[in-house]
Amino acid sequence: MIDLYSWTTPNGRKVSILLEELGVPYTIKPVDISKGEQFAPEFLAIAPNNRIPAIVDHETDIQLMETGAIMLYLAQKHDRFLARGDEYWRMVEWLMWQMGGLGPMLGQVHHFVKYNKGTSPYSEDRYSTEAKRLYRVLDTRLAGRDYVAGAGRGEYTIADMSIWPWISRHDWQGIDLGDFPNLRSWYRRLRARPAVQSGYHLPHKVNEIPEG
Ligand SMILES: N[C@@H](CCC(=O)N[C@@H](CS)C(=O)NCC(=O)O)C(=O)O
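Rules used throughout
- Residues numbered from 1 in each chain as written.
- Predicted model: local features only at pLDDT ≥ 70, side-chain atom pairs only at ≥ 80, totals over all residues.
- Heavy atoms only, no water.
- Phe/Tyr/Trp six-rings, centres within 6.5 Å; stacked < 30°, edge-to-face > 60°.
- Helix = DSSP H or I, 4+ residues; strand = E, 2+ residues; numbered from the N terminus.
- Buried < 20%, exposed > 50% of the residue type's maximum accessible area, 1.4 Å probe, protein only.
- Axes fitted to C-alpha atoms, helices over the stretch in contact; angles between N-to-C directions.
- Left-handed = near helix turned anticlockwise from the far one by under 90°.
- Contact = heavy atoms within 4.5 Å.
- Nonpolar A, V, L, I, M, F, W, Y, C, P; charged D, E, K, R; others polar.
- Near = heavy atom within 4 Å.
- Polar contact = N/O pair within 3.5 Å; in protein donor to acceptor, adjacent residues only side chain to side chain.
- Areas by Shrake-Rupley, 256 points an atom, 1.4 Å probe, with all protein chains shown as cover.

Caption draft 1: Highlighting the packing of aromatic side chains. Under the criterion given, the structure shown has ten aromatic pairs. Their ring planes at 45 degrees and their centres at 6.0 Å tell us that Tyr5 and Phe43 sit as a pair that is tilted. Of this pair, Tyr5 sits in strand 1 (residues 2-6) while Phe43 sits in helix 2 (residues 41-44); the two residues are 38 residues apart in sequence, bridging distant segments of the chain. In this structure, Tyr5 and Phe43 share a single accessibility class: buried. On the basis of an interplanar angle of 10 degrees and a centroid distance of 5.7 Å, the ring pair of Phe112 and Tyr127 is categorised as stacked. Placement of the pair is Phe112 in helix 4 (residues 87-115) and Tyr127 in helix 5 (residues 121-141), with a sequence separation of 15 residues.

Listed below in structure tokens is the structure:
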């Protein structure tokens, strides 16, 4: 049995979506980051970087923080949602693109544009411009493809699952998905999946999933 420590944020949703897709039993342990619960000593013992999500796998005694590591661990444990052959590395490439680029940059957009608008026009402009550049890169990657990695038109992997929750906050980022037609089709394709819908609303429902 797995314990998932999480909250209703893009990083948390990546892992709840993957666990829902895998259909394996798990217990969700809410960590309300708006109340500082990520600094509780019990949580820090599992996730010393005081960020959600984290998992404890009681079957293997493995504890992990960092979504990239958690997703690779769970996908490899169950041998699902991984691209095969050379495409494995393409999948890792896009997973790392999300970890190092998309997630951190969109996080800054949320900070400056959504929550602190007007306090730093330079930062708003810098991160909004970078967000649009990243959306364009993803839109270009998805031209003629259904998923970011995998042979042919691609296959649904943890790379898609890691990116999608960030794109689901496109309205916070001032982005109109109509400007990115390939990306919009992909966004809607994933949004239609029952596991994406159930994973999105964990640990609890906050809002309807934006249509895009
Ligand atoms: N690189 C980390 C990022 C995790 C992260 O930033 N989590 C945020 C929520 S989306 C958090 O826990 N923030 C709490 C805080 O800033 O104190 C990962 O991929 O797991």
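Having put the structure on the table, let's press on.
Caption draft 2: Local environment of the packing of helix 3 (residues 67-78) against helix 6 (residues 158-167). Packing of helix 3 against helix 6 leaves a shortest axis separation of 10 Å and a crossing angle of 145 degrees. The element helix 3 and its partner helix 6 pack so that their crossing is right-handed. In contact with Met71, Leu72 and Ala75 of helix 3, helix 6 contributes Ile158, Met161 and Ser162. By residue class, the composition of the contact of helix 3 with helix 6 is five nonpolar, one polar and no charged.

Caption draft 3: Molecular detail of the site of the ligand. Residues in close proximity to the ligand include Thr9, Asn11, Lys14, Ile33, Gln38, Asn50, Arg51, Ile52, Pro53, Glu66, Thr67 and Met99, which together make up its full environment. Contacts to the ligand include Ile52, whose backbone N or O atom sits 2.8 Å from an oxygen atom. One of the side-chain nitrogen or oxygen atoms of Glu66 is found 2.8 Å away from a nitrogen atom of the ligand. Surface burial for the ligand is 77%, taken as the share of its 520 Å² of free accessible area covered by protein chains. Residues that form the shell around the ligand fall into these classes: four nonpolar, five polar and three charged.

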